[in-house]
Amino acid sequence: MTELRDLTPHAAIPAEQAGRDARQRRQLRANLPELVTLERLLAEAPESATVSVAERVSTDGLTLPVYQVTLGAAEPSAPLVLLVGGVHGLERIGTQVVTAWLSMVLHRMRWDRALQHLLGQVRVVVLPLLNPGGMYRNQRSNPNGVDLMRNAPIRAQSGSTFMLGGQRWSRHLPWYIGTPEQAMEPENQALARVIEEEVIGRPFSVALDCHSGFGWRDQIWFPYAYRRRPMRRIASVLALKLLWEQAYPNHEYRFEPQSTHYLTHGDLWDHFYKRINRGTQGAFLPLTLEMGSWRWVRKRPGQLLRLDGLFNPLVPHRTRRALRSHLNWIDFLLHAAASHDQWLPGQDQEPLLRQAALQLWYRDNA
Ligand SMILES: [Zn+2]
């Protein structure tokens, strides 16, 4: 990480801002208001929140920080929630959802004893904008033209979807994989460092990576993306889904393995899942929130004429609805992580839940 890690929380923001002249500040306000909003929020964060810079990315004469915010329990044995947004630069709503949740927590943790108590039991790491260069340029990939979600060193087993599954021909076409065998892109290496430092060795961790652009409704995807067979922790995912649906029956997330929709090369969360669950005793459940953007387009077909209109609600009331409708789900993940010992299936419940999960999600490829 960088030297800024050791500074007090609030010092990271002015240090980044000091490097920008008036023209660059104008460029940022015009092209990356998400970063401006985030910096405003973090500059006022309470001292118990740690703000650091996980990586810096250069584009168009600007240096853009990848901020990392850490809250809650310091013990290495505490369960962890990892929130990530802005992996794909076009999917601004993901960064906005994560920032909205962070804003709520940073304001409430000053006075809310129940929240303070919860944060005493769970650690939270937030990367609201992993790909600031891509979002600045209004493109899916990072400034090198690499699709960060196709850039991990893992190959789809068979039949990856043509192009969409990741391609090696050109960085000027979408879904470009890059050269993961040599090294992942800097943004992904920063995320990998966070995973190494924060996730390994914990009894329970859950990640939520917020995307948009696929489907009619909001979906929760889990590994794998590289093959159709179920992951080892499938019983735990089903237990979490049942827990959620019992408590929040009026929410309608569709839970599915990503492979139900398409197979891809280089999926980051497949990579991290295999890395973590291979060695340690702890459980790591990487989830992706895929906000269904097609209904935003259906209600307002003119959005098709704008690239960002395919991925984001462009009408204020729909944006506000998206920003508030996922707060419960993220809160729920904190509570579920803090009390994972109450619901995570033990050896006796695991076989039955696994059978049920196979029936639910993998009947077709049995
Ligand atoms: Zn995405």
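Structure: above.
Residues numbered from 1 in each chain as written. Predicted model: local features only at pLDDT ≥ 70, side-chain atom pairs only at ≥ 80, totals over all residues. Heavy atoms only, no water.

K.L.:
Provide a residue-level description of the packing of aromatic side chains, including the pertinent values.
P.N.:
Both the distance between ring centres and the angle between the ring planes are used here to describe each pair of aromatic rings. A complete count under the given rule lists 14 aromatic pairs for this structure. Between Tyr 224 and Tyr 226 the ring centres are 5.1 Å apart and the planes differ by 85 degrees, which places this aromatic pair in the edge-to-face class. Summarising the burial analysis for this pair, Tyr 224 and Tyr 226 share the class buried. In textbook terms, an aromatic cluster arises when at least three aromatic residues are bridged by ring pairs, as seen for Trp 244, Tyr 248, Tyr 253, Phe 255, Trp 329 and Phe 332. (Phe/Tyr/Trp six-rings, centres within 6.5 Å; stacked < 30°, edge-to-face > 60°. Buried < 20%, exposed > 50% of the residue type's maximum accessible area, 1.4 Å probe, protein only.)

K.L.:
Which residues make up the sheet that holds strand E5 (residues 204-212), and what values do they have?
P.N.:
The mixed open sheet is built from eight strands, whose spatial order is E1-E2-E4-E3-E5-E8-E6-E7. The sheet terminates laterally at strand E1 (50-59) and strand E7 (254-257), the two strands that pair on one side only. Strand-to-strand twist in this sheet, taken as the mean axis angle between neighbours without regard to direction, amounts to 20 degrees. Bridge analysis of strand E3 (residues 80-85) against E5 gives six bridges, and the strand direction is parallel. (Pairing = 2+ DSSP bridges. Helix = DSSP H or I, 4+ residues; strand = E, 2+ residues; numbered from the N terminus. Axes fitted to C-alpha atoms, helices over the stretch in contact; angles between N-to-C directions.)

K.L.:
Explain the coordination of the zinc ion to me, and be specific about the residues and the numbers.
P.N.:
Protein ligation of the zinc ion involves His 88 (ND1), Glu 91 (OE), Glu 91 (OE) and His 211 (ND1), the donor distances falling in the range 2.0 to 2.4 Å. Seen from the zinc ion, its four donor atoms lie at angles of 57 to 150 degrees, and the figure they make is irregular. Spacing between the donor residues of the zinc ion along the chain follows H-x2-E-x119-H. Both residues of the pair, His 88 and Glu 91, belong to the buried class. (Donors = N, O, S within 2.8 Å, 3.2 Å for Na, K, Ca; no water. Tetrahedral: all angles 85-135°; square planar, octahedral: opposite > 155°, others 65-115°.)

K.L.:
Describe the packing of helix H8 (residues 234-247) against helix H13 (residues 350-361), with residues and values.
P.N.:
Contact geometry for H8 and H13: axes closest at 8 Å, N-to-C directions at 80 degrees. With respect to H13, the axis of H8 lies roughly perpendicular. Contacts from Ile 234, Ala 235, Val 237, Leu 238, Ala 239, Lys 241 and Leu 242 of H8 reach H13 at Glu 350, Leu 353, Arg 354, Ala 356, Ala 357, Leu 360 and Trp 361. Split by residue class, the contact of H8 with H13 holds eleven nonpolar, no polar and three charged. (Parallel < 35°, antiparallel > 145°, perpendicular 65-115°, else oblique. Contact = heavy atoms within 4.5 Å. Nonpolar A, V, L, I, M, F, W, Y, C, P; charged D, E, K, R; others polar.)

K.L.:
I'd like to hear about a nonpolar patch on the surface, residue by residue, with values.
P.N.:
Residues Phe 162, Trp 169 and Leu 173 make up a contiguous nonpolar surface patch of roughly 400 Å² in combined accessible area. Mapped onto the fold, Leu 173 is located in the loop between helix H6 (132-136) and helix H7 (186-199). Among the residues examined, Leu 173 registers a relative accessible area of 38% and is labelled partly exposed. (Patch = residues over 30% accessible without salt bridge, like charges linked within 9 Å, V, L, I, M, F, W, Y side chains within 5 Å. Areas by Shrake-Rupley, 256 points an atom, 1.4 Å probe, with all protein chains shown as cover. Salt bridge = Lys/Arg side-chain N within 4 Å of Asp/Glu carboxyl O.)

K.L.:
Break down the packing of helix H2 (residues 22-31) against helix H3 (residues 33-43) for me, with residues and values.
P.N.:
With their axes 5 Å apart at the nearest point, H2 and H3 run at an angle of 105 degrees to one another. Looking at the two axes, H2 sits roughly perpendicular to H3. Where H2 abuts H3, its residues Leu 28, Arg 29, Ala 30 and Asn 31 lie against Pro 33, Leu 35 and Val 36.

K.L.:
So what about the pairing of strand E2 (residues 62-72)? Which residues, and what values?
P.N.:
Among the eleven residues of E2, nine are classified as buried, and the element is accordingly described as predominantly covered. By the bridge criterion, nine bridges tie E1 to E2 in an arrangement that is antiparallel. The residue of E2 that forms the bridge with Thr 59 is Leu 62. Hairpin connection between E1 and E2: a loop of two residues separates the two successive antiparallel strands, and Asp 60 in this loop has a positive phi of roughly 50 degrees. Pairing of E2 with strand E4 (residues 123-127) involves four bridges; the strand directions are antiparallel. Counted as the bridge partner of Thr 70 is Val 125 from E4.

K.L.:
So what about the environment of Gln 219? Which residues, and what values?
P.N.:
Counting through the fold element by element, Gln 219 comes out in strand E6 (residues 219-222). Reaching out from Gln 219, the side chain makes a polar contact with the side chain of Trp 221 at a distance of 3.2 Å. A distance of 3.1 Å separates the side chain of Gln 219 from the side chain of His 261, its partner in a polar contact. (Polar contact = N/O pair within 3.5 Å; in protein donor to acceptor, adjacent residues only side chain to side chain.)

K.L.:
Just give me the short version of H7, but keep the residues and values in it.
P.N.:
In this model, H7 (14 residues) spans 19 Å end to end at C-alpha, consistent with the 20 Å of a helix rising 1.5 Å per residue. Within the sequence span of H7, burial applies to Glu 187, Asn 188, Ala 190, Leu 191, Ala 192, Val 194, Ile 195, Glu 198 and Val 199. (Expected span 1.5 Å × (residues − 1).)

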